[in-house]
Amino acid sequence: MKEVFAALIKKPISVSFQSQEEGEALLMLVRRHWFTQVGSIITILILAAVPLVAGPFAPRLLPFIPGRFITFGVIFWLLFVFAYSLETFIIWYFNVLIITKKRIVDVDFWGLLNKNVSETEIAHLEDCTYAQHGVFQSLLNYGSVSMQTAGEQREFEFEGAPDPAQVHDLITDLMAGTHGTPKLSDPTVII
């Protein structure tokens, strides 16, 4: 169960993607680091607390509104907070970078109805770099990984990647062809 919600999974077993070819094994699945979601979590907690804070004052501030309408308003508000929480989780969960021996697949979700999937073969990659900026990224070991190709989509960038050095090393090893099988024997999962 721990692996299902992990941000970096080496050799994911029960994961597949839409354009996956037969026999194409996944080497790594990368989601954004948990710390990139702190702002959304704080927003959700504040929104959920609004009825608790404002509830006791509602009858005095809005005496012309019947109590059942206030209750309906609170229920509607909490449903809105739940929907926002669910959307935030789905966007985090399905925004992934998938690395196989043959290619890189970048899946980006915006909202519930917008999806962009970009992929390139490892052979088409020209450069791969990673960056960590600031105190939090350095202390919590996350950053961005950028890959350049000569193709139509010149740059792939994945922001908020946990352990970007490890992701970078895997991609550059695949680019150099030094990895028949990447050194992923350690079933490490980073949450």
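Rules and cut-offs
Residues numbered from 1 in each chain as written. Predicted model: local features only at pLDDT ≥ 70, side-chain atom pairs only at ≥ 80, totals over all residues. Heavy atoms only, no water. Helix = DSSP H or I, 4+ residues; strand = E, 2+ residues; numbered from the N terminus. Buried < 20%, exposed > 50% of the residue type's maximum accessible area, 1.4 Å probe, protein only. Areas by Shrake-Rupley, 256 points an atom, 1.4 Å probe, with all protein chains shown as cover. Expected span 1.5 Å × (residues − 1). Phe/Tyr/Trp six-rings, centres within 6.5 Å; stacked < 30°, edge-to-face > 60°. Lys NZ or Arg CZ within 6 Å of the ring centre and 35° of its normal. Salt bridge = Lys/Arg side-chain N within 4 Å of Asp/Glu carboxyl O. Patch = residues over 30% accessible without salt bridge, like charges linked within 9 Å, V, L, I, M, F, W, Y side chains within 5 Å. Lys, Arg positive; Asp, Glu negative; His and termini not counted. Charge placed at Lys NZ, Arg CZ, Asp CG, Glu CD. Bend = angle between axes of the 7 residues up to and from the residue.

Novice: So what exactly am I meant to see when it comes to the overall build of the chain here?
Specialist: When you go through the chain residue by residue, the secondary structure sums to five helices and nine strands. For the chain, the N- to C-terminal ordering of α and β elements is β-β-α-α-α-β-β-β-β-α-β-β-α-β. Out of the 191 residues in the chain, the part that is buried amounts to 36%. Of the roughly 11,600 Å² of accessible surface on the chain, a fraction of 63% belongs to carbon and sulfur atoms.

Novice: I'm lost on helix 5 (residues 164–176) in this one. Help?
Specialist: Side chains three or four residues apart in an α-helix point the same way, a direct result of the helix having 3.6 residues per turn. When the terminal C-alpha atoms of helix 5 are compared, their 18 Å separation across 13 residues agrees well with the 18 Å that a helix rising 1.5 Å per residue should span. For helix 5, the full list of buried residues reads Pro164, Gln166, Val167, His168, Leu170, Ile171 and Leu174. Of the residues one or two after helix 5, Gly177 is the one with positive phi, at around 75°.

Novice: How should I be thinking about the packing of aromatic side chains in this particular structure?
Specialist: Working definition: an aromatic ring pair is given by the centre-to-centre distance plus the angle between the planes. This structure, assessed with the given rule, holds eleven aromatic pairs. A centroid spacing of 6.2 Å and a plane angle of 45° characterise the contact between Phe35 and Tyr142, whose relative ring orientation is tilted. Note that Phe35 is positioned in the loop between strand 2 (26–30) and helix 1 (38–54) and Tyr142 in strand 7 (residues 142–149), a separation of 107 residues in sequence. Relative to Phe109, the ring of Phe94 has its centre 5.7 Å away and its plane inclined at 40°; by these criteria the two rings are tilted. In this pair, Phe94 sits in helix 3 (residues 67–94) while Phe109 sits in strand 4 (residues 103–110), placing the two residues 15 residues apart along the sequence. Note on Phe109: relative accessible area 17%, which makes it buried. A network of ring pairs unites the aromatic residues Phe5, Phe89, Trp92, Tyr93, Phe94 and Phe109 as a single cluster. When the ring centre of Trp92 is taken as reference, the NZ or CZ atom of Arg31 above it lies at 5.5 Å.

Novice: What exactly am I supposed to notice about unusual backbone geometry here?
Specialist: When glycine is set aside, most residues are seen to have a negative phi, and most peptide bonds are trans. One non-glycine residue, Lys11, lies in the positive phi region at around 45°. With respect to the helices and strands, the residue Lys11 is situated in the loop between strand 1 (8–10) and strand 2. Positive phi values are uncommon outside glycine, yet Asn141 reaches one of about 55°. The topology assignment puts Asn141 in the loop between helix 4 (134–140) and strand 7.

Novice: Please explain the pattern of salt bridges as it appears in this structure.
Specialist: It is possible for side chains bearing opposite charge to pair when their charged atoms get close. Applying the stated rule across the entire model yields three salt bridges. Residue Lys102 is joined to Glu21 by a salt bridge in which the shortest nitrogen-to-oxygen separation is 2.3 Å. Here Lys102 is found in the loop between strand 3 (96–100) and strand 4, whereas its partner Glu21 is found in the loop between strand 1 and strand 2, with 81 residues between them in sequence. Given a relative accessible area of 44%, Lys102 falls into the partly exposed group. Glu21 sits in the partly exposed class, given a relative accessible area of 39%.

Novice: I keep staring at a negative patch on the surface and nothing clicks. Help me out?
Specialist: A surface patch of like charges, here negative, comprises Glu126, Asp127, Glu155, Glu157 and Glu159. For the negative patch, the elements supplying multiple residues, two or more each, are strand 6 (125–131) and strand 8 (155–162). Counting residues per element, the negative patch draws most heavily on strand 8, which supplies three residues. Here Glu155 lies in strand 8.

Novice: Help me understand the environment of Ala6, please; the structure alone is not making it clear to me.
Specialist: Note on placement: Ala6 falls in the segment before strand 1. Measuring from C-alpha to C-alpha, the distance between Ala6 and Val30 comes to 8.4 Å, with 24 residues separating the pair along the chain.

Novice: Explanation requested: helix 1 in the structure shown.
Specialist: Its 17 residues give helix 1 an end-to-end C-alpha distance of 24 Å, which sits within 8% of 24 Å, the value for a rise of 1.5 Å per residue. Roughly 30° is the biggest bend found in helix 1, and it falls at Ala48, with proline Pro51 one to four residues downstream. Restricting attention to buried positions, one finds in helix 1 the residues Ser40, Ile44, Leu47 and Pro51.

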